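Here is what each chain is made of, one letter per residue.
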Amino acid sequence: MMRPILLFAANPSPMTGHGNNTYLLPSDAGAAALIDAGVGGSEHLADLAAALERHRLHLTDVFVTHGHADHIGGAPALRAAYPDARFWKAPWPAPDARVPALWRPLRDGDELQFGEERLTTIATPGHSPDHVAFWHEPTRTMFTGDLILLGSSVMIHSSRGGNMSAYLRSLERVLSFEPSILLPAHGPAVTNPRTLIVSYLEHRRQREAQVVAALRAGHATVQAIAESIYDGLDVALLPAARENVSAHLEKLKADGVAVVDADRWRLI
């Protein structure tokens, strides 16, 4: 049975928490895959090399969940250290071009083989347009990137391709697999996936209701709505709050509930 090896990317920050999780996936045949590339830090690279040596593995593949910098930034360093490894991610032209790895394209339903192990690519856009999860059927494990985190909500970066409607559909899709465990890119493993995903969906419904209430109260800009909803939030997290508000507003617009004119929003 495949037993993922957790390797921290050693990049703590207000937005990444304790830093990124990457997962080294061994196979009995000695091939190994890495999920997410981290940021190329020396500590992460040393931990990866030590794990490969300790378990007598060779790195054949790097599978990336999406194109945000903390997930693909380490690709050049990994490529230099492991020139025979293959690098895979779903296409997103702008970030892909900034990271000079030889990306092989991932598409929904792709079967990814390393040794005798196999993962299935599951398209889960919303947090970013290229976001994917990886499904290991035998253990009912899903590697979920930034789709869902224990003890925190996920930023939907509206100005950089995030889409709230797509994100909610992706949560529902993961729920339909009935996974036993989720291994996210930040924070601990999720051992009660259904409970957490349902709570995520309910949280987003409540947040949307707050945005609608703020519009009814006369708050017409993203800044004003964010300040009314996230009163007392740490200043460092306010940009993320504004992105989430923007994502909810764009969803309301797509649903025919709200319109915007000269950066001022109102209900229809």
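Structure: above.
Residues numbered from 1 in each chain as written. Predicted model: local features only at pLDDT ≥ 70, side-chain atom pairs only at ≥ 80, totals over all residues. Heavy atoms only, no water.

For the coordinates displayed, the defined rule picks out 6 aromatic pairs. Judged by centre distance (5.8 Å) and plane angle (40°), the ring pair of Phe 63 and Phe 134 falls under tilted. Residue Phe 63 is found in strand E4 (residues 58–63), and its partner Phe 134 is found in strand E9 (residues 132–136); the two are separated by 71 residues along the sequence. Pairwise contacts between aromatic rings join Phe 63, Trp 88, Phe 114 and Phe 134 into one cluster. (Phe/Tyr/Trp six-rings, centres within 6.5 Å; stacked < 30°, edge-to-face > 60°. Helix = DSSP H or I, 4+ residues; strand = E, 2+ residues; numbered from the N terminus.)

A few words now on the pattern of salt bridges. Where charged atoms from two side chains of opposite charge approach closely, those side chains can pair. Enumeration over the complete set of coordinates arrives at 9 salt bridges. We note a salt bridge from Glu 111 to Arg 118, for which the minimum N-O separation is 4.0 Å. When its relative accessible area of 46% is taken as the criterion, Glu 111 is described as partly exposed. The partly exposed category is assigned to Arg 118, whose relative accessible area is 46%. Across the pair Arg 205 and Glu 202 runs a salt bridge, and its minimum N-O distance is 3.2 Å. In this pair, Arg 205 and Glu 202 are both assigned in helix H6 (residues 193–216), 3 residues apart and thus about one turn of the helix distant. Overall, Glu 202 belongs to the partly exposed group, its relative accessible area being 35%. Beyond isolated ion pairs, a larger network of salt bridges with shared partners links Lys 89, Asp 96 and Asp 130. (Salt bridge = Lys/Arg side-chain N within 4 Å of Asp/Glu carboxyl O. Buried < 20%, exposed > 50% of the residue type's maximum accessible area, 1.4 Å probe, protein only.)

A word on the sheet that holds strand E5 (residues 86–89). The mixed open sheet is built from 6 strands, whose spatial order is E1-E2-E3-E4-E5-E6. Edge strands, defined here as strands with exactly one partner in the open sheet, are strand E1 (5–8) and strand E6 (103–105). Strand after strand, the sheet turns through a mean of 30° between neighbouring axes, direction not considered. Sheet topology note: the strand E3 (residues 31–35)/E4 ladder contains 5 bridges and is parallel. Bridge pairing links Ala 33 to Asp 61 in E4. Against the sheet, helix H1 (residues 42–54) touches E1, strand E2 (21–26), E3 and E4, its axis set at about 160° to E1. (Pairing = 2+ DSSP bridges. Axes fitted to C-alpha atoms, helices over the stretch in contact; angles between N-to-C directions. Contact = heavy atoms within 4.5 Å.)

Attention now moves to the nonpolar core. In terms of nonpolar packing, the biggest core is built from 23 residues, with Met 142, Ile 148, Tyr 167, Leu 171, Leu 182, Ile 197 and Tyr 200 touching the most fellow members. Where this core is concerned, the elements lending two or more residues are E9, helix H5 (164–176) and H6. Among the elements that take part in this core, H5 stands out by supplying 6 residues, more than any other. Sequence-distant contacts of Leu 171, that is, excluding residues within four places in its chain, are made with Leu 147, Ile 148, Ile 197, Tyr 200 and Leu 201. Judged by nonpolar contacts, the second largest core, of 22 residues, contains Ile 5, Leu 57, Leu 59 and Trp 103. (Core = buried A, V, L, I, M, F, W, Y, C linked by side-chain atoms within 4.5 Å.)

Without other data, these values stay purely geometric and don't point to any function.
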